[in-house]
Amino acid sequence: QVQLVESGGGLVQAGGSLRLSCAASGRTFSNYAMGWFRQAPGKERQFVAAITRSGGKTYYADSVKGRFTISRDNAKNTVYLQMNSLKPEDTAVYYCAADQVVSFIPLSYDYWGQGTQVTVSS
């Protein structure tokens, strides 16, 4: 089992920045690829970003490319999502997830955090 706890969400004005963190415990963190997903009210959960086990490769949804950065610190068992130039359409609950391999599909991930709310005001 892997336990994931997100933090860092909040209310920010458009154009602002937030950094989300996801702390992992349980099994060896470096054995897992990590992903960030988001879900807005009434919408499906969508892929935001993902990072390989070593952190050597990263992947982004087109909607966040150039604004968001995913990174990880395997010594701290933590994955981050730096979000810059935030837009009202980025408002959602953000979830981190862990799986053996990188995927863009939520159903592929075995472990999920509880989510953290990000609200961007216009």
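Engineer: Which residues make up the environment of aspartate 73, and what values go with them?
Structural biologist: As for its placement among the helices and strands, aspartate 73 is situated in strand β7 (residues 68-73). A polar atom in the side chain of aspartate 73 sits 3.0 Å from the backbone nitrogen of alanine 75.

Engineer: I'd love a proper account of the sheet that holds strand β3 (residues 18-26), names of residues and values included.
Structural biologist: The strand order across the open sheet formed by four strands is β1-β3-β8-β7, and the pairing between neighbours is antiparallel. Unpaired on one side and paired on the other, β1 (2-7) and β7 mark the two borders of the sheet. Mean inter-strand twist for the sheet, computed between neighbouring axes without regard to direction, equals 15°. Taken together, the six bridges between β3 and strand β8 (residues 78-83) define a ladder with antiparallel strand orientation. Following the sheet pairing, cysteine 22 is matched in β8 by valine 79.

Engineer: So what's going on with the packing of aromatic side chains? Residues and values would help.
Structural biologist: Here the structure, examined in full by the defined rule, presents eight aromatic pairs. Between phenylalanine 37 and tryptophan 112, the ring centres sit 5.2 Å apart and the planes meet at 55°, which makes this aromatic pair tilted. Highlighted residues: phenylalanine 37 in strand β4 (residues 33-39) and tryptophan 112 in strand β10 (residues 111-112), separated in sequence by 75 residues. When its relative accessible area of 0% is taken as the criterion, phenylalanine 37 is described as buried. Relative to phenylalanine 104, the ring of phenylalanine 47 has its centre 4.7 Å away and its plane inclined at 40°; by these criteria the two rings are tilted. A residue pair is termed long-range when its members are at least 10 positions apart, and phenylalanine 47 in strand β5 (residues 46-51) and phenylalanine 104 in the loop between β9 (92-99) and β10 qualify at 57 residues. By relative accessible area, which is 12% here, phenylalanine 47 ends up buried.

Engineer: I'd like a description of the state of the cysteines, backed by residues and values.
Structural biologist: Here, the word disulfide means a covalent bond between the sulfur atoms of two cysteines. Throughout the structure, instances matching the rule amount to one disulfide. What pairs with cysteine 22 in a disulfide is cysteine 96, and their sulfur atoms sit 1.9 Å apart. An S-S torsion of about 50° defines the bridge between cysteine 22 and cysteine 96 as right-handed. Note that cysteine 22 is positioned in strand β3 and cysteine 96 in strand β9, a separation of 74 residues in sequence. Pair check on accessibility: cysteine 22 and cysteine 96 agree, each one buried.

The rules we used
- Once a new chain begins, its residue numbering starts again from 1 and follows that chain's sequence as written.
- Local features in a predicted model are, by the rule used here, given only for residues with pLDDT of at least 70; side-chain atom pairs are given and counted only at 80 or more, and totals for whole chains, interfaces and linings are based on all residues.
- Calculation of side-chain values draws on the structure's entire complement of heavy atoms; hydrogens and water are dropped beforehand.
- Each helix is a run of DSSP H or I of at least 4 residues and each strand a run of E of at least 2, with the numbering of both proceeding from the N terminus.
- The term polar contact refers here to a pair of N or O atoms within 3.5 Å; inside protein, the definition further demands a hydrogen-donor-capable atom paired with an acceptor-capable atom, and it admits residues adjacent in sequence only when both atoms are side-chain atoms.
- When DSSP finds two or more bridges between two strands, those strands count as paired.
- Lines fitted to C-alpha atoms define the axes, with helix axes restricted to the stretch in contact, and inter-axis angles between N-to-C directions lie between 0 and 180 degrees.
- Pairing of aromatic side chains here covers Phe, Tyr and the six-membered ring of Trp, requires ring centres within 6.5 Å, and sorts the geometry by plane angle: under 30 degrees stacked, over 60 edge-to-face, intermediate tilted.
- Note on exposure labels: buried denotes an accessible area under 20% of the residue type's maximum, exposed denotes more than 50%, and partly exposed covers the range between, all computed with a 1.4 Å probe on protein chains only.
- Throughout, a disulfide means two cysteine sulfur atoms within 2.5 Å of one another.

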